[in-house]
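# A closer look at the structure
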Amino acid sequence: ANGESTTLQVTPGGIMVTDRHDVEPILPMGQLVHDLGCQVKWAGETLNVVHPVRGQLPVQNRNGCPQLPRTLALELIEEMETTGVQKSMKSISFEKEKKWMEDLVESHPVLRGLPQHVKSRLVTDIGDWKDLPVNRRQRKRLQRDGFLLHLYAGEQDGFTLSRAWKQQGGNETHLLEIDLKRGGHNMLLDSGVYAWLLRAVLQDRVGAFIAGPNCRTGSVLQRYPRENAPRPVSAWEGEEHGLANLNPAEKAQVEEDDILMWRFIFLWMIATYLRRARQVQKPVGFLLEQPASPKNYTPQCVSFWDTVEWMKLKEEFGFAETTFCQGHNGG
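This structure is a prediction, so every number in the text was calculated from the model and none was measured.

## A few points about a nonpolar patch on the surface
A cluster of nonpolar side chains, namely Met29, Val33 and Trp42, defines an oily patch on the protein surface of about 270 Å² accessible area. Among the secondary structure elements, Trp42 is positioned in strand S3 (residues 39-43). Take Trp42: its relative accessible area is 49%, and that puts it in the partly exposed class.

## Quick look at the environment of Thr173
Assignment of secondary structure puts Thr173 in the loop between helix H5 (161-167) and strand S9 (175-178). A relative accessible area of 29% means that Thr173 is categorised as partly exposed. The sequence separation of Thr173 and Arg141 amounts to 32 residues, and the corresponding C-alpha distance is 8.5 Å. Ignoring anything within four residues of it in the chain, the contact list for Thr173 reads Arg141 and Leu142. A polar atom in the side chain of Thr173 sits 2.7 Å from the side chain of Asn171.

## Quick look at the side chain of Glu177
Topologically, Glu177 is positioned in strand S9. You can call Glu177 buried: its relative accessible area is 8%. Within polar-contact distance, the side chain of Glu177 engages the side chain of Arg182 at 3.2 Å. In this view, Glu177 contacts His150, Ala153, Thr160, Leu161, Ser162, Arg182 and His185; residues no more than four positions away in its chain are not counted.

## As for unusual backbone geometry
Only a minority of non-glycine residues have a phi that is not negative, and only a minority of peptide bonds are not trans. Of note in this structure, Asp204 is not a glycine but carries a positive phi near 55°. Looking at where Asp204 falls in the secondary structure, it is placed in the loop between helix H6 (193-202) and strand S10 (206-211). Here the phi dihedral of Gln279 falls at roughly 60°; this positive angle occurs in a residue that is not glycine. Locating Gln279 in the fold gives a position in the loop between helix H7 (248-277) and strand S11 (285-288). Gln279 sits in the exposed class, given a relative accessible area of 67%.

Calculation notes
Residue positions are given per chain, counting from 1 as you read along its sequence in written order. Restriction of local features to residues with pLDDT of at least 70 applies here, the model being predicted, together with a cutoff of 80 or more for giving and counting side-chain atom pairs; totals for whole chains, interfaces and linings are based on all residues. Neither water nor hydrogens contribute to the side-chain values; these are computed over all heavy atoms in the structure. Residues enter a patch when their relative accessible area is above 30% and they make no salt bridge; the linking distance is 9 Å between like charges and 5 Å between nonpolar side chains (Val, Leu, Ile, Met, Phe, Trp, Tyr). Residue burial considers only the protein chains on display, and all accessible areas are found by Shrake-Rupley using a 1.4 Å probe. The salt bridge criterion pairs a side-chain nitrogen of Lys or Arg with a carboxyl oxygen of Asp or Glu, the two atoms within 4 Å. Counting from the N terminus, the helices are DSSP H or I runs at least four residues long and the strands are E runs at least two residues long. Note on classification: 1.4 Å probe, protein chains only; a residue is buried when its accessible area is under 20% of the maximum for its type, exposed when over 50%, partly exposed between these limits. Between two residues, a contact is recorded if the distance between any of their heavy atoms is within 4.5 Å. Two N or O atoms count as a polar contact when they lie within 3.5 Å, although within protein this holds only if one can serve as hydrogen donor and the other as acceptor, and sequence-adjacent residues are included solely when both atoms are side-chain atoms.

So yeah, pure geometry; function would need other evidence.
In structure tokens, the structure reads:
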């Protein structure tokens, strides 16, 4: 900034540079905020800039122009440059991984046969750790140490899995429970917590997946004659994912339940395939809870355990089933 015109080079990080020492560096305010995470606030003629690591920056107002010491400005520009390159590299990396996930959906013998309303919702843009609705300290711990994931965990009251885990000697900070009833945990959105989980999985931060997705649209109770009860919404021989004559409300419920179920399974599949590709010997844990199959007494009910999709997954990954009466265990 000296009143003249000159040709400047632009680095891969988006920073303009010159080797002329008589040109004062200019800091782009947008990159200070978005790339470095600075907080900027105008108060009258005073500009306050707080850096997330450096703290309050020594901004001085000279003839209406806020200025920083030249050395500090150059250090901040270097920091912007590094951050910009890193973001560019991450973008390229995640674009490739997103394409790999899209190809997986279209080529896997189970995934490619799912309804379009499910397939189209499995791959989204990769989220950020900031999308996780927890405090900064917990977010850093999860990013550093990894965690066990409990999806659709229900309300936080009562005898939760985290309470049982703690009673058995487990470290409760290693278990992350996600549910809409806990606020900000909407797994049906394409942004937010699901997009973040895609990132956590791609970075191999999830050691095990536990889930009890909604079973309302596949419940055997729909087959029992009750006054004002919901009717069955699925059937065998081509209508496992919804009857042809569903009303809008019924169709929405079926699609939502399908998406929640298959987003859970898809996350686990990605984590498993990536560990195999990286030759990590420790498998990713998988535990899915659903009502037991009623085929012995109500065979017309569409149970997930009797679907072709589950049979193929069970064969490919060597899953085992355990059936028990929850009433015998205090349920």
